[in-house]
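Working through the structure, step by step
What follows is each chain in one-letter form.
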Amino acid sequence: MDRLVTTVRPYAWGSTTAIPELLGTPPTGEPQAELWMGAHPGAPSRVDRGGGPVPLGEAIAADPEGELGAEAVRRFGPRLPFLFKILAAADPLSLQVHPDLDQARAGFAAEEARGVPIDAPHRNYKDTSHKPELICALTHFDGLCGFRAPDATAELLAALDVDSLKPYVDLLHAHPESAALREVLTAVLSAERTAMAETVGLAAAAAERLAGQDGPHRAAYAAYASVARHYPGDPGVIAAMLLNHIRLQPGEALYLGAGVPHAYLEGLGVELMANSDNVLRCGLTPKHVDVPELLRVVRFEATTPAVLRPEAEVDGAEVYVTPAAEFRLSRYALAAGSPPHTLDARTAQILLCTAGTALLRGADGTELPLRRGESAFVRAGERVELGGEGAAFRATVAS
């Protein structure tokens, strides 16, 4: 067992209080957006096995099969295939979509062939991996996820009563689902910026008004009005109006596969994803937006976001079931005096305490206590017992 020394990423959309409150540390006054647990080179966790702190990726590289397990290395190569995070959003994140595995490999190869530097701001593909991800709410958590049915979106836009939105309403009514969604998103992201900024302003004011009235889209209007306050004039505000608004309750989760447009808006959650940086942005960001590549990757199909609730297993774990091969998320309710949970995995695992105190005990009797926000890396095949009083999450590779 290794206690992880972790890094907090200070992205501008992050909360100034949520992560400090979880960790029991004083706020710095600066945004603290994400706490990373894993071996991603952007902010690797560190472990100390007696010779001083070293990046977790360096420890894994010294003995991949011993750290990760032979099966994980065979399937995903000699690197930890997932990245675990605590995410704390106070402002909306960028509206974005992730490629599938084939798209990521082809996009990476194409940018390499063109000589695009890996750290270039206009680079889309930083690696050859896809990026399925799971967000599990620790507090109420608001987000946008997947396209709403075109007829329902046409109704929502028509109620704003903005003349420049009426062509989009007509398109949503006139075409089959996929064509309608593609044409409207293309038109929004390709529109002349000054005219679109005016449309966004009018739509935002109308959404603010409708958010105060009863109606089926009241919560969605409130979310879009909030997005517009943070990103005035951004075409992404209208793109966001094409998406479902969702609010997760604590303990509920949302899985996001390839091609699904989404944005997190506000809340504290535990996030688990494939170890990738591949993001294509639709808006709500000052960063690069590659409209042609985005349109190639987006899946233009209406969806109803499926809220995931954990499924109980016989060992006391509550598992969030997803189709992702790179990761598996489990939650444990820890009660004082209850028998400990025995965790014995053939692959590496990371354990995170989110409430109270968790206590890890190794087969040799070694104990490692974890307070809220603290985490530990457990090597493949290492048997540990998890006890304490509070709550803990476990990230490992899907079997």
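Higher on the page you've got the structure.
Read on for an overview of the structure. (Residues numbered from 1 in each chain as written. Predicted model: local features only at pLDDT ≥ 70, side-chain atom pairs only at ≥ 80, totals over all residues. Heavy atoms only, no water.)

Using the criterion set out here, one finds three aromatic pairs in the structure. With a centroid separation of 5.7 Å and an interplanar angle of 35°, the aromatic rings of Tyr-11 and Trp-13 are classed as tilted. Owing to a relative accessible area of 28%, Tyr-11 belongs among the partly exposed residues under this scheme. The ring of Trp-36 is capped by Arg-9, whose NZ or CZ atom sits 4.7 Å from the centre of that ring. (Phe/Tyr/Trp six-rings, centres within 6.5 Å; stacked < 30°, edge-to-face > 60°. Buried < 20%, exposed > 50% of the residue type's maximum accessible area, 1.4 Å probe, protein only. Lys NZ or Arg CZ within 6 Å of the ring centre and 35° of its normal.)

So, about the pattern of salt bridges. Throughout the structure, instances matching the rule amount to 20 salt bridges. Notably, a salt bridge pairs Glu-252 with Arg-309, separated by 2.9 Å at the nearest N-O pair. Of this pair, Glu-252 sits in the loop between β10 (243-248) and β11 (253-256) while Arg-309 is found in the loop between β14 (307-308) and β15 (311-312), placing the two residues 57 residues apart along the sequence. Among the ionic pairs, Glu-293 bridges to Arg-296, the shortest N-O distance being 2.7 Å. On the criterion of helical spacing, the pair formed by Glu-293 and Arg-296 is a turn pair, its members being three residues apart in helix α12 (residues 291-297). Arg-296 gets classed as partly exposed once you look at its relative accessible area, which sits at 45%. One salt-bridge network, in which partners are shared between bridges, spans Glu-111, Glu-112, Arg-114 and Arg-123. (Salt bridge = Lys/Arg side-chain N within 4 Å of Asp/Glu carboxyl O. Helix = DSSP H or I, 4+ residues; strand = E, 2+ residues; numbered from the N terminus.)

What follows concerns the layout of surface pockets. Of the pockets and cavities examined, the largest pocket occupies roughly 930 Å³. Surrounding the largest pocket, 42 residues form its lining, Tyr-11, Trp-13, Ser-94, Arg-281 and Lys-287 being those nearest its centre. Mapped by element, the contributors of at least two residues to the lining of the largest pocket are β3 (34-37), β6 (82-89), β12 (262-274) and β13 (280-283). The leading source of residues in the lining of the largest pocket is β12, at five residues. Of the residues in the lining of the largest pocket, the class split is 19 nonpolar, 10 polar and 13 charged. (1 Å grid on protein atoms, 1.4 Å probe; cavity = no way out; pocket = protein on both sides within 12 Å on 5 of 7 lines; lining within 4 Å. Points joined across faces, edges and corners; volume = space filled by probe spheres on them. Nonpolar A, V, L, I, M, F, W, Y, C, P; charged D, E, K, R; others polar.)

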